[in-house]
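Per-entry structural report
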Amino acid sequence: MSDENELPAESKLTRSKERWAREGRFLTGKTSRPQQQRLPPGQHLTRDWPTLDLGVTPNISRQHWRLDIYGAVENPIFWNFAQFAGQTQTKFTSDIHCVTTWSRYDNQWEGLSTRDLLAACRPRGEARFVVLNCYDGYTTNLALEDFATEDALLAHSWSGAPLEQEHGGPVRLVVPHLYFWKSAKWLKAIEFLERDAPGYWEVRGYHNRGDPWAEQRYSGD
Ligand SMILES: Nc1nc2c(c(=O)[nH]1)N[C@H]1C(S)=C(S)[C@@H](COP(=O)(O)O)O[C@H]1N2
Ligand SMILES: [Mo]
C-alpha cells in the first residue's frame, strides 16, 4: 500500500461510529422503503392466521357457489365453480397486511389471476372502478389499476388445500399490495363502474385506497 492510500489511525470517535453502525444506532425503523423493507410501518408479524369479518360465515358449498361479473364490460360472465376452476390457473405467494396491524408472510394462493379475468370479461373503456359483492353482504371498492395488479387473484386454495370457509371459501379476492380489508371473502359478484362506489369499511372511516406502505389506514390519513 502506498503512503497516500494509508488511512489515518482510528480515533475513539471512529471506533464508536463503527460500533453504532453494527448496532444500527439511530435507526427509527419508521421509514417506508418498500424495496428493501418487508414489514410496512406500524405492522407486526404473526405466524397464525387471524379471522376477521362481520361475524357471519356464509355456508356456500362449491356446488352452490356462483360468480357474476357485470357492469361496464363487453362480456358479462356468470360462472359456476366448475366453469371458474376451468379457467387458467395461477399460483402466487404473497404477504398479508391487515389494518389492525398484523402481517403474515408467504401465503400460497391458487386461482384465477385478475388479469386473466379481465381478459375474459373485457372491461369497456369507461370502466375505472370495481366493487366486490360478497355472500355476507360485505362490499369493497378498488380502482381498476389496483384490481389489475400483477399478483392479485381470485383464490380458491391456500397452502395447496381448498380455502377454508372462515377465510372466505369457496373463493375470495387477494390484493396483496393493499390492506387486507380490500381482499373480499365469499366472493359473489364483481361490478365494473365508471364512478367509484365506496364499500362497507370505506364508508365507515377506512381509507378509500388502503396502501400499507403509505399507512393509509383511515380516511384522514
Ligand atoms: N366478505 C367479507 N370479506 C372480508 C371481510 C368481511 O367482513 N366480509 N373482512 C375483511 C377484513 S377487515 C379483513 S382483515 C380480511 C380478513 O380475512 P381473514 O379472516 O381471512 O384473515 O377479510 C376482509 N374481507
Ligand atoms: Mo381488517
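Report on the accompanying structure. Everything numeric in this text was worked out from a predicted model, so none of it was measured.

1. What to know about the packing of aromatic side chains
- One pass over the structure, following the stated rule, counts 14 aromatic pairs.
- Between the aromatic rings of F81 and F84, the centroid separation amounts to 6.0 Å while the plane-to-plane angle is 55°, which identifies the pairing as tilted. With a gap of three residues between them, F81 and F84 both fall in helix α2 (residues 81-85), about one helical turn apart.
- Here the aromatic rings of W181 and Y206 are separated by 4.7 Å at their centres, their planes lie at 70°, and the arrangement is edge-to-face. Highlighted residues: W181 in the loop between β10 (172-174) and β11 (187-193) and Y206 in the segment after β11, separated in sequence by 25 residues. For the pair W181 and Y206, a shared accessibility class is recorded, and that class is buried.
- Taken together, the aromatic side chains of Y138, Y179, W181, Y200, W201, Y206 and Y218 make up a single cluster linked through ring pairs.
- Just above the ring of Y105 sits the side chain of R38; from NZ or CZ to the centre is 3.9 Å.
- The ring of Y200 has R204 lying over it, and the distance from NZ or CZ to the ring centre is 3.7 Å.

Rules used throughout
Residues numbered from 1 in each chain as written. Chains lettered and ligands numbered in written order. Predicted model: local features only at pLDDT ≥ 70, side-chain atom pairs only at ≥ 80, totals over all residues. Heavy atoms only, no water. Phe/Tyr/Trp six-rings, centres within 6.5 Å; stacked < 30°, edge-to-face > 60°. Helix = DSSP H or I, 4+ residues; strand = E, 2+ residues; numbered from the N terminus. Buried < 20%, exposed > 50% of the residue type's maximum accessible area, 1.4 Å probe, protein only. Lys NZ or Arg CZ within 6 Å of the ring centre and 35° of its normal.

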